[in-house]
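Structural overview
Here is how the chains run, residue by residue.
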Amino acid sequence: MITWMQKHRKYMMITMWIAVITFIGAGAVDWGGASYGNKASAVAVVGEVPITAKELNKRYSQLFRQFNQQMGGKFDEKMAEQFGLQDQALNQLISQALLLNLAKAYELKLSDEEIIAQIEKIDSFHKDGKFDIETYKRLLKSNGYDNHEFEKAIGSEQTIAKLSDLLTSKLVRAEKEAFLTMQAVADKISYTVLDSAAIKVDVKEEDLKQFWELQKNEYQTEAKITVEMITKTPLNENQSEEKIQEYYNKNSFNFTNDKGEVMTLEEAKPAVIEALNDKATKNAANRLYIAWKKGELPKEITVDTKTFTTSQAPFSLEIMEKIAKLKPGQTPLKAQKLGDDYVVIRLKDRVDPRVKSYEEAKALVLPKYIASQKRLKLQELATQKQDTFKGSTTGFITIKNDATLKGLSKSESQQALAKLFTSSHKKGIIAVSDEKVLLYDIKEQKLLFKENSAKTDLELDQSIAGLKERARFIALMRALDTAYPTENYLK
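Here goes a summary of the coordinates provided.

**Focus: the packing of aromatic side chains**
Inspection of the entire model under this criterion finds 14 aromatic pairs. Ring geometry for Phe67 versus Phe83: centroids 5.2 Å apart, planes at 75 degrees, classification edge-to-face. Of this pair, Phe67 sits in helix α2 (residues 53-70) while Phe83 sits in the loop between α3 (77-82) and α4 (85-105); the two residues are 16 residues apart in sequence, bridging distant segments of the chain. Assessed through its relative accessible area of 38%, Phe83 is described here as partly exposed. With a centroid separation of 5.7 Å and 50 degrees between ring planes, the pair formed by Phe131 and Tyr136 is classed as tilted. Neither Phe131 nor Tyr136 differs from the other in exposure class; each is buried. An aromatic cluster of at least three residues, connected via ring pairs, comprises Tyr60, Phe64, Phe67, Phe75 and Phe83. Over the aromatic face of Phe396 sits the side chain of Lys446, whose NZ or CZ is 4.3 Å from the ring centroid.

**Observations regarding the pairing of strand β2 (residues 49-52)**
Looking down a regular strand, the side chains alternate between one sheet face and the other. Here β2 shows a clear split, with Val49 and Ile51 buried on one side and none of Pro50 and Thr52 buried on the other. Bridge count for strand β1 (residues 42-46) against β2 is 4 bridges, and the pairing is antiparallel. Bridging across to β2, Ala44 finds its partner in Ile51. Linkage of β1 to β2, two consecutive antiparallel strands, is achieved through a turn of 2 residues, within which Gly47 is found at a positive phi near 60 degrees.

**Some details on helix α9 (residues 205-215)**
Within α9, burial applies to Leu208, Phe211, Trp212 and Gln215. Considered in projection along α9, the buried side chains sweep an arc of 100 degrees and stay on one side of the axis. Among the exposed residues of α9, those pointing more than 90 degrees away from its buried face are Glu206, Gln210 and Leu214. Elements in contact with the buried residues of α9: α13 (358-385).

**Section: the environment of Leu163**
With respect to the helices and strands, Leu163 occurs in helix α7 (residues 147-167). C-alpha of Leu163 to C-alpha of Ala103: the two residues are 60 residues apart in sequence and 6.4 Å apart in space. Setting aside residues no more than four positions away along its own chain, Leu163 makes contact with Leu99, Leu102, Ala103, Tyr106 and Leu108.

**Looking at the packing of helix α5 (residues 112-121) against α7**
Relative to each other, α5 and α7 sit at 100 degrees, their axes nearing to 10 Å. With respect to their mutual orientation, α5 and α7 come out roughly perpendicular. Contact residues: α5 offers Glu114, Ile115, Gln118 and Ile119, while α7 offers Phe150, Glu151, Ile154, Gly155, Gln158 and Lys162. Each residue belonging to the contact of α5 with α7 can be placed in one class, and the counts come to 4 nonpolar, 3 polar and 3 charged.

**Notes on the sheet that holds β1**
Judged by pairing direction, the sheet is antiparallel, and its 3 strands sit side by side in the order β2-β1-β13 without closing on themselves. Each edge of the open sheet carries a strand with a single partner, namely β2 and β13 (486-488). Along the sheet, successive strands turn relative to each other by an average axial angle of 20 degrees, direction set aside. Of the strand pairs in this sheet, β1 and β13 are connected by 3 bridges, and their pairing is antiparallel. Within the sheet, the bridge partner assigned to Ala44 lies in β13 and is Asn488. Across the face of the sheet, α2 comes into contact with β1 and β2 while running at roughly 60 degrees to β2. The sheet contacts of α4 involve β1, β2 and β13, and relative to β2 the element is tilted by about 155 degrees.

**Focus: the sheet that holds strand β12 (residues 436-447)**
Here 4 strands make up an open sheet; going across it, the order is β10-β5-β12-β11 and the pairing antiparallel. Edge positions in the sheet fall to β10 (392-393) and β11 (427-431), since each has one partner strand and no second. Where β11 and β12 come together, 5 bridges link them in antiparallel fashion. Counterpart to Ile429 in the pairing with β12 is Leu439. Of the strands in this sheet, β5 (185-195), β11 and β12 are in contact with helix α14 (residues 410-420), which crosses β11 at around 135 degrees.

**Topic: the pattern of salt bridges**
Per the stated rule, a full pass over the model turns up 17 salt bridges. With a shortest N-O distance of 4.0 Å, Lys152 and Glu55 are connected by a salt bridge. In this pair, Lys152 is assigned in helix α7 and Glu55 in helix α2, connecting sequence segments 97 residues apart. Two residues, Lys269 and Glu241, come together in a salt bridge whose shortest N-O distance is 2.9 Å. Here Lys269, found in helix α11 (residues 265-294), pairs with Glu241, found in helix α10 (residues 241-251); they are 28 residues apart in sequence, far enough to count as distant. On the accessibility criterion, Glu241 (51% relative accessible area) is exposed.

**A few points about the environment of Ser311**
Residue placement: Ser311 occurs in the loop between β7 (304-309) and α12 (317-323). On the basis of relative accessible area, Ser311 is assigned to the partly exposed category, the value being 42%. Between the alpha carbons of Ser311 and Ala223 there is a distance of 8.8 Å; along the sequence they are 88 residues apart. Leaving out residues up to four positions away in the same chain, Ser311 has contacts with Lys78 and Glu222. Reaching out from Ser311, the side chain makes a polar contact with the side chain of Glu222 at a distance of 2.7 Å.

What counts, and at which threshold
Residues numbered from 1 in each chain as written. Predicted model: local features only at pLDDT ≥ 70, side-chain atom pairs only at ≥ 80, totals over all residues. Heavy atoms only, no water. Phe/Tyr/Trp six-rings, centres within 6.5 Å; stacked < 30°, edge-to-face > 60°. Helix = DSSP H or I, 4+ residues; strand = E, 2+ residues; numbered from the N terminus. Buried < 20%, exposed > 50% of the residue type's maximum accessible area, 1.4 Å probe, protein only. Lys NZ or Arg CZ within 6 Å of the ring centre and 35° of its normal. Pairing = 2+ DSSP bridges. Arc of directions from axis to C-beta. Contact = heavy atoms within 4.5 Å. Axes fitted to C-alpha atoms, helices over the stretch in contact; angles between N-to-C directions. Parallel < 35°, antiparallel > 145°, perpendicular 65-115°, else oblique. Nonpolar A, V, L, I, M, F, W, Y, C, P; charged D, E, K, R; others polar. Salt bridge = Lys/Arg side-chain N within 4 Å of Asp/Glu carboxyl O. Polar contact = N/O pair within 3.5 Å; in protein donor to acceptor, adjacent residues only side chain to side chain.

In structure tokens, the structure reads:
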């Protein structure tokens, strides 16, 4: 394709729009080191569409970068694990694969010319307002893509866009009227809020122990790991001009400014020197790794011992995954980057998790037991009082009303009202949270069309179309999930 593009340079200047290339010019976060999947390089297969470890790595990197930008550069691997970033990345790829299966069933294909046209539109590949083949190749290389997989990614995105156009339906008058009617419905209700905070729980030892027995496997000690570690702090060598020039010539595409443009040697020189020193530090650490592996470590080298639990690990998730594959006392890991340093790590000992005894787990079990008992008692109390409660009475409120109900916060009130206006019962119980329920009785109901004209027709149409598309998409994905089962090899 590159050859074709070099011969056919009809370039267009248009803003970048496609999500696949958001990584361009921003570098990549590599979470490599782990081995995924058990069918070639696939981590999952959705219908007839495989998802490769490399695709998962790329999507993870994109999500990591987005979170990191939103959090001002403070997002790290431990937070990524807490956010379930790997699952988010995989779920996005599964959704995409489901749609690609449907496109294949429709025999929906994208021509090479269409893919080329989209690539030529991407601003990041432009130079002086035109598509530039060298910029294209350099940015792909610097971000770990080859042209074939990038074209495949663009093709997938465009195929899904085509499929979406085919499935999009126009808004009809009946839908708009139904939406307006729903928003115009106004209820006057009598209500009361029951809060589990007022419920007292009598804790009996035998009941608490029985509760623990049913779920004791959830209460385990953490794995305890002991490692031996050699730390190589950053070197600060005098780099020759020849070395600086040579390194820059080979890696100039890695040194870009805020606009994504390659910096000159003078502009990049401090960063080049830093990169050379980093490389020298890594090499020095790996020489220590070889000496340690052979049992020839110099006596003056300090070997530190660290013991920690998995939740207090001083290493990144990537390093912890590598440590998990080591056997005590055997070959250490090659040099790993840790902050500005490089470390060589050998596993000394590992104590695997075990189920905690009742006494050990009691402090953790008690609040869960109390919460579960309060939920049960709250449900019983709500059922008892449903037909006899006496509470406050509202004026006429609609689904758009921002009223705050007594006993609930504003957000809790909005959640309760949303459930109220989708209920078909005159009287009922609404679970607001695990701690609160709303008992309600609809006293009167009417339509408030004249009071419901805050939005313009365009805004209203957009709101209705958005709701319709979301509902349609959820239904479609459920159907596709049944039609094209997913085999997940990460589990």
